[in-house]
Amino acid sequence: MRSKAPDLNDSRRSDEVIALHPAESGMQLGRALLHALHNAGISVLYQDRDMKTVWARNMRAPWASDAADSNGILPPAQAERIGAAKRNVVASGNPERLELGVPVEDGIRWFQVWIDADHGESGAVQGVVTTMVETTEQKRREQTLKTLLREVSHRSKNLLAIIQSIATQTGRYSETLGDFLTRFRGRLQSLASSQDLVTSSNWRGAALRELVSGQVARYGSDPRRSLRFAGENPYLNPNAALHIGLAMHELAVNSVSYGALSRPDGFVEVTAKLTAASADKPALSLTWTEAIGARDRQPSEKRFGSVALERVVPTSLNGTATLEITGDRVEYRLVVPHGNFETD
């Protein structure tokens, strides 16, 4: 079947039919356009060549004013900028577009401004049409997005630095490639678990108790049985959550391998206290303790676990730490300043 060739006059005929439709008389069309301008927050101003206002629709602050000045209550510099653009449009007949930031009490209101020439039948410019649309919310979203992207970049670099440190230290204290991969994967998974808590809080951080429970639970231990948590439950900032999570991981791995969590009835105790480091900013004292039996063999050589617990974690948090392993007890105590957590 032969397709019908498009009629180049279809669009013109359609326009004629629409224009002649009784439901769209001039007054009705005008009212509809006014509603559209109002709903879209668009202000429109028409001026002649001498910048005298002929008509204006939906004029709002800062464009609306009781004064005769068509630029409303704009600051002088902004009013002059728009005035110069209008004069250029009258002289050249070419449109111009501006972005204006208007200072207000609570910040800055942003506007996109279009200035177009109104050409008469002879082609001469007989006036200018100025269209103003507020873009403050869009501008704020853009600024928020830029801030978030900078924050993500900053945190990503910090996380990569932590991973690089873990890889270096794990390699230093690993005897074989298989040993390295096993330990390195475990530490990466620990970071990932802590990072999930940080991300779910919109980068605010993580609650200490949830962080500790998550790290203990990763090794098949039921925290309701194997973990006894007591004391405060501060909210750790992202950096503290990652490093304290790493410390809890090392302690849990050591306990599953050699300590209390290697026994069916074994458990560990974690206590969090706020100590009077200063009058208004207490420090957090976090203590992990567990009882070990005579058959539980602790490794005697220095490994990354103890290096992380005694050096890497406290240094990263500007804190202090001690790790004591006796014949029947393991105790790790970490003290970090207030800048790493919130108590409210």
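The notes below deal with the structure included here. Small disclaimer: the values here were computed from a predicted structure and weren't measured.

1. Examining the overall build of the protein chain
Scanning the protein chain from N- to C-terminus turns up nine helices and 13 strands. Within the span of the protein chain, comprising 344 residues, buried residues form 36% of the whole. If you take every contact in the protein chain between residues at least 6 apart in sequence, the share linking residues at least 24 apart comes to 56%. Accessible area for the protein chain stands at about 20,200 Å²; split by element, carbon and sulfur atoms hold 53% of it.

2. Let's talk about the environment of aspartate 118
Position of aspartate 118 relative to the elements: it lies in strand β4 (residues 107-119). In the structure, aspartate 118 is positioned 71 residues away from glutamine 47 in sequence and 9.4 Å away in space, judged by C-alpha atoms. Once residues lying within four places of it in the same chain are set aside, the contact partners of aspartate 118 are Tyr46, Ala124, Val125, Gln126, Gly127 and Val128. A polar atom in the side chain of aspartate 118 sits 2.5 Å from the side chain of tyrosine 46.

3. Section: the nonpolar core
Soluble, globular proteins show a tendency: their nonpolar side chains are buried together. Within the largest apolar cluster, 33 residues are counted, with the highest numbers of intra-cluster contacts made by Leu208, Leu236, Ile244, Trp288 and Tyr332. Here this core gets seven residues from one element, more than from any other, and that element is helix α8 (residues 238-258). If near-sequence neighbours (up to four positions away) are discounted, isoleucine 244 is found in contact with Leu208, Leu211, Leu236, Leu286, Leu317 and Leu334. Judged by nonpolar contacts, the second largest core, of 17 residues, contains Leu74, Leu98, Val102 and Phe111.

4. Remarks on the side chain of serine 255
In this structure, serine 255 sits in helix α8. The contact partners of serine 255, leaving out residues within four places of it in the chain, are Ala260, Leu261, Ser262, Val268, Trp288 and Glu290.

5. Comments concerning the side chain of threonine 170
For threonine 170, the location among the structural elements is in helix α4 (residues 136-172). For threonine 170, a relative accessible area of 1% corresponds to the buried category. A polar side-chain atom of threonine 170 sits 2.9 Å from a polar atom in the side chain of arginine 187.

6. Regarding the pattern of salt bridges
Proximity of charged atoms lets side chains of opposite charge pair with each other. Across all of its chains, the model carries eight salt bridges by this definition. Between glutamate 99 and lysine 139 there is a salt bridge whose closest N-O contact spans 3.1 Å. In this pair, glutamate 99 sits in strand β3 (residues 96-104) while lysine 139 sits in helix α4, placing the two residues 40 residues apart along the sequence. Between arginine 183 and aspartate 179 there is a salt bridge; the shortest N-O distance is 2.8 Å. Of this pair, arginine 183 and aspartate 179 both sit in helix α5 (residues 177-200), separated by four residues, roughly a single helical turn. Classification of arginine 183 by relative accessible area gives partly exposed; the value is 26%.

7. Concerning the sheet that holds strand β13 (residues 341-342)
Strand order in the open sheet formed by three strands is β6-β8-β13, and the pairing between neighbours is antiparallel. Two strands lie at the open edges of the sheet, namely β6 (206-207) and β13, each paired on one side alone. When strand β8 (residues 235-236) meets β13, the two strands line up antiparallel, connected through two bridges. The residue bridging leucine 236 from the neighbouring strand is phenylalanine 341, located in β13.

8. Points about the sheet that holds strand β1 (residues 42-48)
If you trace the five strands from one edge of the open sheet to the other, you get β2-β1-β5-β4-β3, paired in antiparallel fashion. The sheet terminates laterally at β2 (53-57) and β3, the two strands that pair on one side only. Averaged over all pairs of adjacent strands, the angle between strand axes in this sheet comes to 20°, irrespective of strand direction. Lying on the sheet, helix α3 (residues 76-92) is in contact with β1, β3, β4 and β5 (125-134); it crosses β3 at an angle near 165°.

Calculation criteria
Residue numbers run consecutively from 1 along every chain, following the written order of its sequence. Residues qualify for local features only when their pLDDT is at least 70, as the model is predicted, and side-chain atom pairs are given and counted only at 80 or more; totals for whole chains, interfaces and linings, by contrast, use all residues. The side-chain numbers reported here are obtained from all heavy atoms of the structure, hydrogens and water having been left aside. The helix count covers DSSP runs of H or I at least four residues long, the strand count covers runs of E at least two residues long, and both are numbered beginning at the N terminus. Using a 1.4 Å probe on the protein chains alone, a residue whose accessible area is under 20% of its type maximum counts as buried, one over 50% counts as exposed, and one in between counts as partly exposed. Contacts are assigned to residue pairs that have any heavy atoms within 4.5 Å of one another. What sets the accessible areas is the Shrake-Rupley method with a 1.4 Å probe; for residues, cover comes only from the shown protein chains. Two N or O atoms form a polar contact when they lie within 3.5 Å of each other; inside protein one atom must be a possible hydrogen donor and the other a possible acceptor, and for residues adjacent in sequence the pair counts only when both atoms belong to side chains. By convention a nonpolar core is built from buried Ala, Val, Leu, Ile, Met, Phe, Trp, Tyr and Cys residues, the set being connected through side-chain atoms within 4.5 Å. Definition used for salt bridges: Asp or Glu carboxyl oxygen within 4 Å of a side-chain nitrogen of Lys or Arg. Should DSSP find at least two bridges between two strands, the strands are regarded as paired. Structural elements are reduced to axes, namely lines fitted to C-alpha atoms, with helices fitted over the stretch in contact, and the angle between N-to-C directions of any two is expressed from 0 to 180 degrees.

These figures come from the coordinates and say nothing about function on their own.
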